[in-house]
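Chain residues, written in single-letter form:
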Amino acid sequence: MRRLPRPASLSARITLLLVLISLVILGVGSKWMDRRIDHAMESRFEQNLLTQALTLRTAVQMEADAPLHQQLLTPSHALNGTDPTYYQVQCPGMPPLRSSPPLPTRPHDWADAAPLTPRFQTMHYKHTHLVFVQFGFAAAPDSGGGTDIAVAADTTATGPDAQGTCVMLFAQDRHAMDELLGTIDWILLLSPALALLIALVAVPLVVRHGLRPMGTLIEHMRGIGPSVPGQRLAPTGVRELDPLVARFNDVLTRMDAGLANERQFASGLAHQTRTRLAELRALAEVEARYPSGRSLPDVLGEVGSIGAELEATVTALLLLTRLQSRIESPDWQDLALVPWLERQLQRQQATATARGVQLRGEFPQPRRLRTDPALLEVVIGNLLANACSYAPPGDVVTLRLDRDCVRIDNAAPGLVVADLAKLGQRFWRKQLPHAAHAGLGLALARAAAQVLELSLVFQLDGKQRLQAILSWPADAGGTGAS
């Protein structure tokens with residue numbers, strides 16, 4: 001048996017998302033901080049190296065009267081504490097000045113290429129990592145026969161033979177700074193790793209704690225269903241969940257209304273079917289036991305009439321189902337409304353005359369509409385039939401064609417405003433229980449209007465007259481010769 005995959009955990013998804021986001025942010029942040037710290041430390045190291053080199057140059061200048069090779073042979077740590085420093089100075093007519101111990105290595109041809117502006121360079125020698133700074137400075141003899149060393153005015157000259165220019169190479173071992181930068185790198189690496197480890201442990205716990213109101217909400221939902229209508233969820237007090245609760249309560253309200261309509265539909269359908277079948281059975285039993293003496297055509301005619309009513313109910317239900325399921329697709333045609341509406345009035349004339357109701361059409365000017373005539377007949381025909389069936393005797397049912405709508409009004413003394421929302425429901429009738437209509441006409445009219453993308457509304461004016469208004473968009477209709 002194939003096992004169904006486990007549903008994804010919301011806490012796991014949130015944890016993974018937070019860990020990935022944290023990994024990217026902390027990784028990029030750590031890389032950026034590492035670059036900034038390395039740049040700042042190296043700049044500070046080079047500045048310190050240059051300061052020591054300039055201090056050495058000043059010492060050379062101040063020792064002009066003494067033998068320079070005796071004054072400058074100082075230990076390598078004299079200028080920078082315990083960090084080993086190395087230097088070498090070459091001036092014209094003087095022996096080279098070297099640190100003790102001397103430079104372990106030096107750049108190739110450094111004296112010939114030494115610029116007057118400081119230039120930095122790094123070199124690896126065995127286990128030593130050295131940073132060099134090299135530059136030149138001018139030496140000029142003073143009036144006392146000594147050597148006065150000053151900054152050369154010619155900044156383009158290089159090497160020890162250009163106008164008495166001295167050159168200096170100063171180096172320092174950066175082992176201590178490399179260890180410090182390595183320590184900082186480990187700190188920047190381990191800090192995000194530790195933060196991610198804490199996130200992996202803490203975030204699921206925090207998420208589960210934060211999702212407790214949702215778990216409580218799920219428990220409350222277990223007792224809600226079609227068998228117990230009217231139940232609603234109480235607000236949780238959580239800003240993110242309260243809109244969900246409100247939407248769910250709206251769905252429950254619509255579900256209860258739908259279930260009530262379905263129960264009413266089932267009850268109405270059962271009543272209509274049972275009534276017609278009971279009439280047929282009663283007619284057959286009465287004629288079998290107590291013959292009425294009527295002719296066979298009369299009896300069969302009554303049976304056919306009852307069967308026709310039952311067939312009309314089933315046919316209306318099938319059409320209503322097709323309309324509400326959007327199985328019926330409109331056959332769009334350009335229709336002249338005035339002659340078409342006159343034919344609809346003529347078809348209802350017999351029903352109106354039988355009930356003592358007058359039919360009147362008001363067509364101020366010709367109109368054309370792009371629609372499906374068959375579906376439009378379902379709408380207008382049922383609206384007119386409903387008006388003729390429920391208008392009191394002596395009333396005038398008016399069919400009026402306006403610019404963007406058709407209005408059908410009739411007197412409705414028994415209706416109240418609360419009944420308007422029920423018009424169009426299946427099997428809803430505000431009439432005597434023995435009335436012949438099944439209560440599907442307005443439901444068919446509303447469903448067909450929706451398929452045609454028309455608006456059907458019912459209004460009750462101050463004179464207690466019901467108005468059915470079927471309107472269409474302004475670009476769907478127009479004037480034209482009828």
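This is a predicted model, so every value here is computed, not measured.

Cut-offs and rules
- Residues numbered from 1 in each chain as written.
- Predicted model: local features only at pLDDT ≥ 70, side-chain atom pairs only at ≥ 80, totals over all residues.
- Heavy atoms only, no water.
- Helix = DSSP H or I, 4+ residues; strand = E, 2+ residues; numbered from the N terminus.
- Buried < 20%, exposed > 50% of the residue type's maximum accessible area, 1.4 Å probe, protein only.
- Contact = heavy atoms within 4.5 Å.
- Areas by Shrake-Rupley, 256 points an atom, 1.4 Å probe, with all protein chains shown as cover.
- Core = buried A, V, L, I, M, F, W, Y, C linked by side-chain atoms within 4.5 Å.
- Phe/Tyr/Trp six-rings, centres within 6.5 Å; stacked < 30°, edge-to-face > 60°.
- Pairing = 2+ DSSP bridges.
- Axes fitted to C-alpha atoms, helices over the stretch in contact; angles between N-to-C directions.
- pLDDT = per-residue confidence, 0-100.
- Patch = residues over 30% accessible without salt bridge, like charges linked within 9 Å, V, L, I, M, F, W, Y side chains within 5 Å.
- Salt bridge = Lys/Arg side-chain N within 4 Å of Asp/Glu carboxyl O.
- Parallel < 35°, antiparallel > 145°, perpendicular 65-115°, else oblique.
- Left-handed = near helix turned anticlockwise from the far one by under 90°.
- Nonpolar A, V, L, I, M, F, W, Y, C, P; charged D, E, K, R; others polar.

Caption draft 1: Spotlight on the overall build of the protein. Along its length, the protein carries 10 helices and 14 strands. Residue burial in the protein is summarised as follows: out of 482 residues, 35% are buried. A separation threshold of at least 6 residues defines the contact pool for the protein, and within that pool the share at least 24 residues apart is 68%. A total of about 28500 Å² of accessible surface is found on the protein, and carbon and sulfur atoms cover 58% of it.

Caption draft 2: Fine view of the nonpolar core. Grouped together as the largest cluster of nonpolar side chains are 46 residues, with contacts concentrated most on Leu376, Leu383 and Phe458. Examining the composition of this core, we find that 9 residues originate from one element, helix H9 (residues 373-390), more than from any other. In contact with leucine 383, other than residues within four places in its own chain, are Ile408, Leu442, Ala445, Leu456, Phe458 and Ala468. With 18 residues, the next largest nonpolar core counts Phe45, Ala53, Phe135 and Phe170 among its residues.

Caption draft 3: Fine view of the packing of aromatic side chains. Summed over all chains, the structure comprises 1 aromatic pair. Between tyrosine 87 and phenylalanine 170, the aromatic rings sit 6.3 Å apart at their centres with planes inclined by 10 degrees, giving stacked as the arrangement. Of this pair, tyrosine 87 sits in strand S1 (residues 85-90) while phenylalanine 170 sits in strand S6 (residues 165-173), and the two are 83 residues apart along the sequence. Accessibility classification places tyrosine 87 together with phenylalanine 170 in one group, the buried group.

Caption draft 4: How the structure looks around the environment of aspartate 34. Along the polypeptide, aspartate 34 turns up in helix H1 (residues 10-62). Taking the relative accessible area as the measure of exposure, aspartate 34 reaches 14% and is therefore buried. For the pair aspartate 34 and isoleucine 187, spaced 153 residues apart in the sequence, the C-alpha separation amounts to 9.9 Å. Excluding its chain neighbours within four sequence positions, the residues that come into contact with aspartate 34 are Asp185 and Leu188.

Caption draft 5: Region of the structure containing the sheet that holds strand S10 (residues 396-401). Taking strand neighbours across the sheet as the criterion, the 5 strands line up as S8-S10-S11-S13-S12 in an open arrangement whose pairing is mixed. Every interior strand has two partners, whereas the edge strands, strand S8 (358-362) and strand S12 (455-460), have only one. Across the sheet, the axes of successive neighbouring strands diverge by a mean angle of 15 degrees, strand direction being ignored. Where S10 lies against strand S11 (residues 405-411), 4 bridges are found, and the strand directions are antiparallel. Within S11, the residue paired with leucine 401 across the bridge is valine 406. Against the sheet, helix H7 (residues 337-347) touches S8, S10 and S11, its axis set at about 165 degrees to S10. Against the sheet, helix H10 (residues 441-451) contacts S12 and strand S13 (465-471), and its axis sits at roughly 135 degrees relative to S12.

Caption draft 6: Up close: the confidence of the model for the protein. In the predicted model, the protein carries a mean pLDDT of 77, and 78% of its residues have values of at least 70. Below pLDDT 50 for its whole length, residues 141-163 participates in 45 contacts with residues either more than four positions away or in separate chains.

Caption draft 7: Structural detail: a nonpolar patch on the surface. A cluster of nonpolar residues, Leu194, Leu197, Ile198, Leu200, Val201 and Leu205, forms a patch on the protein surface that exposes about 590 Å² of accessible area. By the element assignment, leucine 194 lies in helix H3 (residues 175-210).

Caption draft 8: Highlighting the packing of H7 against H9. H9 packs onto H7 with a crossing angle of 45 degrees between their chain directions and a minimal axis gap of 10 Å. As the angle between them shows, H7 and H9 are arranged oblique. Crossing geometry of H7 relative to H9 is assigned as right-handed. Contacts from Leu337, Trp340, Leu341, Gln344, Leu345 and Arg347 of H7 reach H9 at Pro373, Leu376, Glu377, Ile380, Gly381 and Leu384. The residue inventory of the contact of H7 with H9, partitioned by class, reads 8 nonpolar, 2 polar and 2 charged.

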